Amino acid sequence: MKILFLNGPNLNLLGSREPEVYGRLSLAEIEAEVRKRAAERGVEVEFAQSNSEGVLVDLIQQARGRFDVIVFNPAGYTHTSVALRDAIAACGIPAIEIHLSNIHAREPFRRESLIAPVCCGQVLGFGAGSYVLGLEAAIMVAGHNRAGN
Ligand code: DQA
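These figures come from a predicted structure and were not determined experimentally.

What counts and how
Residues numbered from 1 in each chain as written. Predicted model: local features only at pLDDT ≥ 70, side-chain atom pairs only at ≥ 80, totals over all residues. Heavy atoms only, no water. Near = heavy atom within 4 Å. Polar contact = N/O pair within 3.5 Å; in protein donor to acceptor, adjacent residues only side chain to side chain. Areas by Shrake-Rupley, 256 points an atom, 1.4 Å probe, with all protein chains shown as cover. Nonpolar A, V, L, I, M, F, W, Y, C, P; charged D, E, K, R; others polar. Phe/Tyr/Trp six-rings, centres within 6.5 Å; stacked < 30°, edge-to-face > 60°. Helix = DSSP H or I, 4+ residues; strand = E, 2+ residues; numbered from the N terminus. Buried < 20%, exposed > 50% of the residue type's maximum accessible area, 1.4 Å probe, protein only.

Draft legend 1. Layout of the site of the ligand. Contacts to the ligand come from Arg17, Tyr22, Asn73, Ala75, Gly76, His79, His99, Leu100, Ser101, Ile103, Arg106 and Arg110. At a separation of 2.8 Å, an oxygen atom of the ligand approaches a polar backbone atom of Leu100. Contact with the protein chains hides 97% of the accessible area of the ligand, taken as 330 Å² for the molecule alone. For the shell around the ligand, the per-class residue count stands at four nonpolar, five polar and three charged.

So, in structure tokens, the structure goes:
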């Protein structure tokens, strides 16, 4: 089983970016924790990050046939990107949307996700824990897919 963790704009700045909202761990530190847990669970993970919407669309298209599940933090594009929503819908790979912060407890413009309706579900509000829980959700979703239910 292979899981792609895809990260949108400004998540390369985690650790120094608004730590009171997003925590003090860098994306590399979060990746290391997820890799450790993935190894324990016997699954493969790959991490990618881009600040560019088009690059994220390319990465989703290229994931076809290579990954069983996408765990996606679309960051600011969550609230604006029809192109990323269409890419997830088109790729046929089950996706889980994740966020470090609880987007429903923040500014009103963050409450809407254009991506959520084409995902299996969301994990949000647990800081770096959202990535760990996203891994568990991905394993569950891939298992369900294989079992055909
Ligand atoms: C975020 C929430 C988004 O609203 C914001 O634009 C981000 C990070 C999160 O993980 O909490 O960049 O996706």
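Draft legend 2. Structural context of the packing of aromatic side chains. Tallied over the entire structure, the rule returns three aromatic pairs. Considering the side-chain rings of Phe5 and Tyr131, the 6.2 Å spacing of their centres and the 15 degrees angle between planes classify their relative orientation as stacked. Here Tyr131 lies in helix 5 (residues 129-147) and Phe5 lies in strand 1 (residues 2-7), a separation of 126 residues in the sequence. With relative accessibility at 1%, the residue Tyr131 sits in the buried group. For the ring pair Phe47 and Tyr131, a centre distance of 6.4 Å and an interplane angle of 15 degrees mean the geometry is stacked. You can see Phe47 sitting in strand 2 (residues 44-49) and its partner Tyr131 sitting in helix 5, a full 84 residues away along the chain. Each member of the pair, Phe47 as well as Tyr131, is classed as buried. One aromatic cluster is present, built from ring pairs that chain together Phe5, Phe47 and Tyr131.

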